[in-house]
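Analysis of the macromolecular model
In case you want the letters, here they are:
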Amino acid sequence: GNSVTQMEGPVTLSEEAFLTINCTYTATGYPSLFWYVQYPGEGLQLLLKATKADDKGSNKGFEATYRKETTSFHLEKGSVQVSDSAVYFCALSSDTGTASKLTFGTGTRLQVTL
Amino acid sequence: GAVVSQHPSWVICKSGTSVKIECRSLDFQATTMFWYRQFPKQSLMLMATSNEGSKATYEQGVEKDKFLINHASLTLSTLTVTSAHPEDSSFYICSARDPGGTAGNEQFFGPGTRLTVL
């Protein structure tokens, strides 16, 4: 079956530091890959996505590249801010029909300090 | 963007009672809603897929008689935890799809409901 593995947190960084959160996946076929972010007290929000190999998703300074050869979708940001503190979830969807079910990783908490 | 709400945001109940959680799409019609369960430090586990006007499709291992799902309108789905026990304590999250919007198959998530069963 499908599965997503992401690095355990928490990750604590100083403001303006470089961020990498690793994510690898197991799936049949050609899944779509996602990063969701959950700010305190809020629901998950889609941060970025990629639907095929070598695609790069980007949003709000975050980016991730769909690497089929390494089955990875690592999240990166060049300079984090305190406002980036949140929990980040990697996910995949391999359904081509209307169900579009998502498989999530365990989430990685990011704490950015001044 | 599309907004999904959940009510209540947290609930405490006694063992043996039933609890209903509502999930509403506030500014769009959701033909499909999903219910997830999240344990501490674990990923979101899909419990069931709810389609408006039809029976929910439950994931393997999820008791459909314990977790009753109703999706009677295009903006509301409910999850009822029947005869709740302490092991049902968890964080329940819903999401909704807006197939008619520009987001296509994207799921929009509610803020979650924390259930504690004493």
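Residues numbered from 1 in each chain as written. Chains lettered and ligands numbered in written order. Predicted model: local features only at pLDDT ≥ 70, side-chain atom pairs only at ≥ 80, totals over all residues. Heavy atoms only, no water.

A word on the overall build of chain B. When its secondary structure is counted, chain B shows 0 helices and 11 strands. Order of helices (α) and strands (β) in chain B, N terminus to C terminus: β-β-β-β-β-β-β-β-β-β-β. For a compact globule of 118 residues, the expected C-alpha radius of gyration is about 13 Å, and chain B comes in at 14 Å, within 12% of that figure. Taking the principal axes of the C-alpha coordinates as reference, chain B spans close to 45 × 25 × 20 Å. Considering only intrachain contacts with a sequence separation of at least 6, the fraction spanning at least 24 residues in chain B is 55%. Accessible surface for chain B amounts to roughly 5800 Å². Of this, 53% is attributable to carbon and sulfur atoms. Put simply, chain B has 10 plus and 10 minus side-chain charges, and the middle of one group is 6 Å from the middle of the other. (Helix = DSSP H or I, 4+ residues; strand = E, 2+ residues; numbered from the N terminus. Rg over C-alpha atoms; globule rule 2.2 N^0.38 Å. Contact = heavy atoms within 4.5 Å. Areas by Shrake-Rupley, 256 points an atom, 1.4 Å probe, with all protein chains shown as cover. Lys, Arg positive; Asp, Glu negative; His and termini not counted. Charge placed at Lys NZ, Arg CZ, Asp CG, Glu CD.)

All names here are of chain B. Topologically, Ser5 is positioned in strand β1 (residues 4–7). Sequence-wise, Ser5 and Ile21 are 16 residues apart; in three dimensions their C-alpha atoms are separated by 11 Å. In this structure Ser5 touches Glu22, Cys23, Arg24, Leu26, Cys94 and Pro111, once residues within four positions along its chain are discounted.

Attention now goes to the state of the cysteines. Under the definition given, this model contains 2 disulfides over all chains. Between the sulfur of Cys23(A) and that of Cys90(A) lies a disulfide, 1.9 Å long from S to S. Every disulfide takes its handedness from the sign of the S-S torsion; for Cys23(A) and Cys90(A) that torsion is -70°, giving left-handed. Placement of the pair is Cys23(A) in strand β4 (residues 23–26) and Cys90(A) in strand β10 (residues 86–93), with a sequence separation of 67 residues. Of the two residues, Cys23(A) and Cys90(A), both sit in the buried class. No disulfide involves Cys13(B); its sulfur sits 18 Å from that of Cys94(B), the nearest cysteine. (Disulfide = S-S within 2.5 Å. Buried < 20%, exposed > 50% of the residue type's maximum accessible area, 1.4 Å probe, protein only.)

Another point: the side chain of Ser25(B). Residue and element names in this part refer to chain B. Looking at where Ser25 falls in the secondary structure, it is placed in strand β3 (residues 19–25). In terms of polar contacts, Ser25 uses its side chain to reach the backbone carbonyl oxygen of Phe28, at 2.8 Å. Not counting the four nearest positions on each side in its chain, Ser25 is found in contact with Val3, Ala30, Met33, Leu74 and Thr75. (Polar contact = N/O pair within 3.5 Å; in protein donor to acceptor, adjacent residues only side chain to side chain.)

Looking now at the pattern of salt bridges. The tally for this structure, following the rule as stated, stands at 6 salt bridges over all chains. Linking Asp55(A) and Lys52(A) is a salt bridge whose minimum nitrogen-to-oxygen distance equals 3.4 Å. In this structure, Lys66(B) and Asp88(B) form a salt bridge, with 2.9 Å as the shortest nitrogen-oxygen distance. Of the two residues, Lys66(B) sits in the loop between β6 (57–58) and β7 (67–73) while Asp88(B) sits in the loop between β8 (76–81) and β9 (90–97), which places them 22 residues apart along the sequence. Comparing Lys66(B) with Asp88(B), the two get one shared label, buried. (Salt bridge = Lys/Arg side-chain N within 4 Å of Asp/Glu carboxyl O.)

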